[in-house]
Amino acid sequence: MKIILPTDIATELEAHLPEDIVVVRVDSEGNLDGDATDAEVYFSWFFLKLTTLHRVLESAPQLRWHHAPNAGVNHIITPKYIERNLILTNGAGVHAIPIAEFVIAYMLSHAKQLPRLHQQQTQHRWQKGLSIQELLDKTLLIIGAGGIGQEIASRAKAFGMRIFGSRRHPQPLSNFDKVVGADEWKALLGEADYVVIGTPLTWDTKGMIDAEVLRLMRPNAYLINIARGAIVDEFALIQALQNGEIAGAALDTVFAEPLPLESPLWSLPNVFITPHCSGNSPRVKERSLALFLDNFARYRQGKPLRNIVDQRAGY
Ligand SMILES: NC(=O)c1ccc[n+]([C@@H]2O[C@H](COP(=O)([O-])OP(=O)(O)OC[C@H]3O[C@@H](n4cnc5c(N)ncnc54)[C@H](OP(=O)(O)O)[C@@H]3O)[C@@H](O)[C@H]2O)c1
């Protein structure tokens, strides 16, 4: 069997593959080091360019399965891609722990006023009297209680938070006090102190956090987006932040990345911007390779694959 591997990880992976596997390497521009016309499997790597993907797809007409390392595959599922009728699996899960830790950090940073305390330190000011909160008994709403959402919930539960979640197919989940469907979470906004966006970017979720949603949030509520920037109507968010409709936001993802220099988000005092790094961890690579190797063994044995993407649903 022939498979296509990115040059970044080919050497590391080849050591774990059965001897009868023939590997064709592809670089970040889509240059292949061999004939891929009979390749069956393609494992792409992070920061995949669409031009690279298309070059691989054109070079490998027999391809059946594509594994992408990202959880969010909205950038891959173009109409042209769907037409190829490939099995697509994603890396959902590999970033869940580092992102969940980041979400806890954003919440603690907000509750404990860490940015203001740090600002005081840089100004050599010993000033008491800031209003400092606890996470205990605060309500957290996780819109999109998937892999990342569930890792957030297990950590937030340890802080004694009340946790609500939403899913497309709602069913009870451990650590959640309530799980509702995709159309029901708006009714919970008025109770939430923290709102985390954990859905994929799909046709249903694009612009989902709009002016109406922001108005339904409490003035003391804090919005955290670790999913995709386009899920939020950024213009409406800036207005809500400027007008005090919500208390603040932590944004790891924004509509245009890198965030343009002229964006008002940079200088709003109630915004914490991180450059799409909440999923970073030295363990992501190890988890990504392990997931692919497990799926590859399943593929060879004809067993069901993990993390199959429903390309019509978009995740
Ligand atoms: N910041 C980063 O570096 C980073 C890293 C990794 C991932 N991400 C983003 O985070 C997203 C989530 O990742 P994940 O691993 O948690 O994915 P996941 O396990 O697939 O979870 C997605 C969750 O969203 C729910 N959902 C889908 N559409 C919805 C809707 N319209 N309304 C409410 N809930 C909806 C799904 O419901 P069901 O359970 O019913 O299907 C599922 O529970 C990814 O798609 C990606 O865009 C960001």
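Residues numbered from 1 in each chain as written. Predicted model: local features only at pLDDT ≥ 70, side-chain atom pairs only at ≥ 80, totals over all residues. Heavy atoms only, no water.

**Section: the pattern of salt bridges**
Going through the model one piece at a time under the given rule, you end up with 15 salt bridges. Note that Glu29 and Lys49 form a salt bridge whose closest N and O atoms lie 2.3 Å from each other. Separated by 20 residues along the polypeptide, Glu29 in the loop between β2 (22-26) and β3 (41-43) and Lys49 in the loop between β3 and α2 (50-59) bring together distant segments of the chain. For Asp177, the salt bridge identified is with Lys157, shortest N-O distance 2.9 Å. Of this pair, Asp177 sits in the loop between β7 (162-166) and β8 (178-180) while Lys157 is found in helix α6 (residues 147-158), placing the two residues 20 residues apart along the sequence. According to the relative accessible area criterion, Asp177 is partly exposed, its value standing at 45%. Overlapping salt bridges, with partners in common, bring together Asp294, Arg298 and Arg306 in one network. (Salt bridge = Lys/Arg side-chain N within 4 Å of Asp/Glu carboxyl O. Helix = DSSP H or I, 4+ residues; strand = E, 2+ residues; numbered from the N terminus. Buried < 20%, exposed > 50% of the residue type's maximum accessible area, 1.4 Å probe, protein only.)

**Observations concerning the packing of aromatic side chains**
Enumeration over the complete set of coordinates arrives at nine aromatic pairs. Ring centres of Tyr194 and Tyr222 lie 6.2 Å apart, and the angle between their planes is 70 degrees; this geometry places the pair in the edge-to-face category. Placement of the pair is Tyr194 in strand β9 (residues 194-197) and Tyr222 in strand β10 (residues 222-225), with a sequence separation of 28 residues. Among the residues examined, Tyr194 registers a relative accessible area of 3% and is labelled buried. Taken together, the ring pairs in this structure connect Phe43, Trp45, Phe46, Trp65, Phe292, Phe296 and Tyr299 into an aromatic cluster. (Phe/Tyr/Trp six-rings, centres within 6.5 Å; stacked < 30°, edge-to-face > 60°.)

**Considerations on the UniProt feature "domain: D-isomer specific 2-hydroxyacid dehydrogenase NAD-binding" (unreviewed entry) in the protein chain**
What UniProt calls "domain: D-isomer specific 2-hydroxyacid dehydrogenase NAD-binding" (unreviewed entry) maps, in this numbering, to residues 104-278. The straight-line gap between the two end C-alpha atoms of residues 104-278 is 11 Å; of that span, 25% is helix and 16% is strand. (UniProt positions renumbered as here; feature names shortened; annotations may be inferred.)

**Remarks on helix α1 (residues 7-14)**
Every buried residue belonging to α1 is among Ile9, Ala10 and Leu13, and all of these are buried. Relative to the axis of α1, the buried residues are bounded by an arc of 130 degrees and lie together on one face. (Arc of directions from axis to C-beta.)

**Comments concerning the site of the ligand**
Taken together, 28 residues are adjacent to the ligand, and Gly147, Arg167, His169, Ile226 and Tyr315 come closest. One of the side-chain N or O atoms of His276 is found 3.3 Å from an oxygen atom in the ligand. Within the side chain of Ser278, a nitrogen or oxygen atom sits 3.5 Å from a nitrogen atom of the ligand. If the ligand stood free it would expose 940 Å²; the protein chains cover 91% of that surface. Considering only residue class, the shell around the ligand consists of ten nonpolar, 14 polar and four charged. Of the residues that make up the shell around the ligand, three or more belong to each of domain 1 (2-93 + 282-301) and domain 2 (96-273). (Near = heavy atom within 4 Å. Polar contact = N/O pair within 3.5 Å; in protein donor to acceptor, adjacent residues only side chain to side chain. Areas by Shrake-Rupley, 256 points an atom, 1.4 Å probe, with all protein chains shown as cover. Nonpolar A, V, L, I, M, F, W, Y, C, P; charged D, E, K, R; others polar. Domains from an automatic or database assignment.)

**Observations regarding the side chain of Thr205**
One can find Thr205 in the loop between β9 and α7 (211-216). Among the polar contacts made by the side chain of Thr205, one reaches the main-chain amide nitrogen of Thr202 at a distance of 2.8 Å. Non-local contacts of Thr205, meaning those with residues more than four positions away in its chain, are made with Thr199, Pro200 and Ile231. (Contact = heavy atoms within 4.5 Å.)

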